[in-house]
Every structure is written in C-alpha cells, then in structure tokens.
Amino acid sequence: MRIISGKFKGHRISAPNNLPVRPTTDMSKESLFNILNNRFDFEGLKILDLFSGTGNLSYEFGSRGAGPITSVDADFGCVRFIKKTAAEFDLPITAIKSDVYKFLEGHKAVYDIIVADPPYNFSQEQFEEVVRLVFENELLNEDGMMIIEHSKYTRMQHLMNFSFEKKYGGSIFSFFEFDKDESEEPLGYDIDSEDDEI
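My aim in this report is to walk through the structure given alongside it, one point at a time. (Residues numbered from 1 in each chain as written. Predicted model: local features only at pLDDT ≥ 70, side-chain atom pairs only at ≥ 80, totals over all residues. Heavy atoms only, no water.)

**A few points about helix H3 (residues 76–89)**
The end-to-end C-alpha distance of H3 is 20 Å, a good match for the 20 Å that 14 residues give at a rise of 1.5 Å each. Those residues of H3 not exposed but buried are Gly77, Cys78, Val79, Phe81, Ile82, Thr85, Ala86 and Phe89. Next to the buried residues of H3 lie helix H2 (56–63), strand S2 (69–73) and strand S3 (93–97). Where H3 begins, the side chain of aspartate 75 points an oxygen toward the backbone nitrogen of glycine 77, at a separation of 3.0 Å. Once H3 finishes, aspartate 90 follows within two positions and takes phi at roughly 55°, a positive value. (Helix = DSSP H or I, 4+ residues; strand = E, 2+ residues; numbered from the N terminus. Expected span 1.5 Å × (residues − 1). Buried < 20%, exposed > 50% of the residue type's maximum accessible area, 1.4 Å probe, protein only. Contact = heavy atoms within 4.5 Å. Polar contact = N/O pair within 3.5 Å; in protein donor to acceptor, adjacent residues only side chain to side chain.)

**A few points about the packing of aromatic side chains**
As enumerated under the stated definition, the model contains eleven aromatic pairs in all. Considering the side-chain rings of phenylalanine 8 and phenylalanine 89, the 4.9 Å spacing of their centres and the 80° angle between planes classify their relative orientation as edge-to-face. A residue pair is termed long-range when its members are at least 10 positions apart, and phenylalanine 8 in the segment before helix H1 (26–37) and phenylalanine 89 in helix H3 qualify at 81 residues. On the basis of relative accessible area, phenylalanine 89 is assigned to the buried category, the value being 13%. (Phe/Tyr/Trp six-rings, centres within 6.5 Å; stacked < 30°, edge-to-face > 60°.)

**A few points about the environment of aspartate 179**
Tracing the backbone through its elements, the reader meets aspartate 179 in the segment after strand S7 (171–176). Note on aspartate 179: relative accessible area 72%, which makes it exposed. Taking the C-alpha atoms as reference points, aspartate 179 and phenylalanine 162, separated by 17 residues in sequence, lie 9.1 Å from one another.

**Some points on the nonpolar core**
Inside soluble globular proteins, nonpolar side chains tend to come together where they are buried. Counting residues in hydrophobic clusters, the biggest one holds 34 residues, and the most contacted among them are Leu36, Phe61, Ile113 and Ile147. Mapped onto this core, the elements with two or more residues apiece are H1, H2, H3, S3, strand S4 (111–116), strand S5 (140–151), strand S6 (162–168) and S7. When near neighbours in sequence (up to four residues on either side) are disregarded, isoleucine 147 contacts Leu32, Leu36, Ile113, Ile114, Val115, Ala116, Phe173, Ser174 and Phe175. Val100, Tyr111, Phe127 and Leu139 belong to the second-largest nonpolar core, a separate cluster that totals 24 residues. (Core = buried A, V, L, I, M, F, W, Y, C linked by side-chain atoms within 4.5 Å.)

**Observations concerning the side chain of serine 171**
Mapping serine 171 onto the fold places it in strand S7. Here tyrosine 120 takes part through its side chain, which lies 2.7 Å from a polar atom of the side chain of serine 171. With near-sequence residues (within four places) excluded, serine 171 lies in contact with Tyr120, Glu149, His150 and Lys166.

**Observations regarding the pattern of salt bridges**
Applying the stated criterion to the full structure yields seven salt bridges. Residues glutamate 177 and arginine 39 are paired through a salt bridge, measuring 2.7 Å at the closest nitrogen-oxygen approach. A residue pair is termed long-range when its members are at least 10 positions apart, and glutamate 177 in the segment after S7 and arginine 39 in the loop between H1 and strand S1 (47–50) qualify at 138 residues. On the basis of relative accessible area, glutamate 177 is assigned to the buried category, the value being 7%. A salt bridge links glutamate 136 to arginine 132; the shortest N-O distance between them is 2.5 Å. Of this pair, glutamate 136 and arginine 132 both sit in helix H5 (residues 124–136), four residues apart, roughly one helical turn. Of the residues examined, arginine 132 reaches a relative accessible area of 32% and is grouped as partly exposed. (Salt bridge = Lys/Arg side-chain N within 4 Å of Asp/Glu carboxyl O.)

**Structural notes on the sheet that holds S3**
Taken in spatial order, the seven strands make up an open sheet running S3-S2-S1-S4-S5-S7-S6, and their pairing is mixed. Since the sheet does not close on itself, it has two edges, and those belong to S3 and S6, each with one partner. For this sheet, the mean inter-axis angle between neighbouring strands, taken without regard to orientation, is 15°. One ladder, built from six bridges, connects S6 with S7; its direction is antiparallel. Directly across from lysine 167, in S7, lies its bridge partner isoleucine 172. The strands touched by H1 within the sheet are S5, S6 and S7, with S6 carrying the most contacts at an inclination of about 145°. Along the sheet, H5 contacts S1, S4, S5 and S7; its crossing angle with S5, the most-contacted strand, is approximately 175°. (Pairing = 2+ DSSP bridges. Axes fitted to C-alpha atoms, helices over the stretch in contact; angles between N-to-C directions.)

Shown next as structure tokens:
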C-alpha cells in the first residue's frame, strides 16, 4: 500500500499478511481523492473511517493534513497495526476496536467526511444499516460527505441522501450528502463513463 499524496507522498506501508482485509487499491484510492480534492480543503477536517482495515484511507487523509481521524475496526490486529503506523508517521489517528454498528449507535461526534469499506460479502441490509445509523444519529456535518465502497452487487441509489456513484473496476464508491439548495451548481459527475473503468 502506498500513500499517494500529501506530506508522506510515496511512502509504502506493508501490512501483515494475516489481517482479514481487502485494501482499497491505489488506483481506486487516487480516483476517490481526486473527487474529494474538488470539494474539500483537507486541513483540519474531522474524519471517521469505518471498517478501516489496514488504515489505508486514514493514512491518506492524515498525509493531506486532515485530523482528528477516528478509525474503527472490529479486528484487534487491524487496530494494533493502525496504532503502530499512526505513531510512526505521527498522524492524528485514534484507532478504536469496536463493532461498527455498536459504535455508531452510541457515538455522538460530528464529522466532515465519513468513509466506510464493509466486507463485500455483507448483505444489502448490513450496508444500508451503516447509512441509516450515520444519518439518524446525525454524525455527518451538514456540509460533509459520506462515502461507502461496495461491489456492483450492492445497490445504494435508492437510499435517502444518496448523491452519486463512481465505478472503478469491480468496486463502486457511493456518495451521500445532505440536499443542497437547487441554485447550486450540480456536481457534474458521470456515473456511467467508460473512462472510469480500470
């Protein structure tokens, strides 16, 4: 895994082989952050990284100046690795070992960006529950954005606050945000562009 931009651009991070993860590919990650770059100044943004795995996305946010960053995963090995890596790079990341759903049910903080990368074999209902808990518990800033990574077999367009999606190979990023004033310019992302395929 490689940090693609920011203070630690080009640094490679090697996670243990025994972690139960499917890291976001560098190409997909770069495409995701190209979208976010057009929307956010990362400096000082408050980030929540759910199902954080190796911490791949957390490191990218931290390298770009975001923070504080909260990374949540149920696996002890993943949490331990994130804590170790965050300390090595002096990144403002707090890693929490918790079931994500229980964490969301009892959490009260508000974030500028929330990212979630659940296992692709989760059910449709499990994916939808993440979105429901975030918005019902008011965890997202009104000007913020939530992004969920999933496979083509999971559908998110019908959910409230869905904004758009982008496809990269076998992965899809679905973006959620609060309704904007109709006078605002549209985002202008073409979700069916063949150029997005890897």
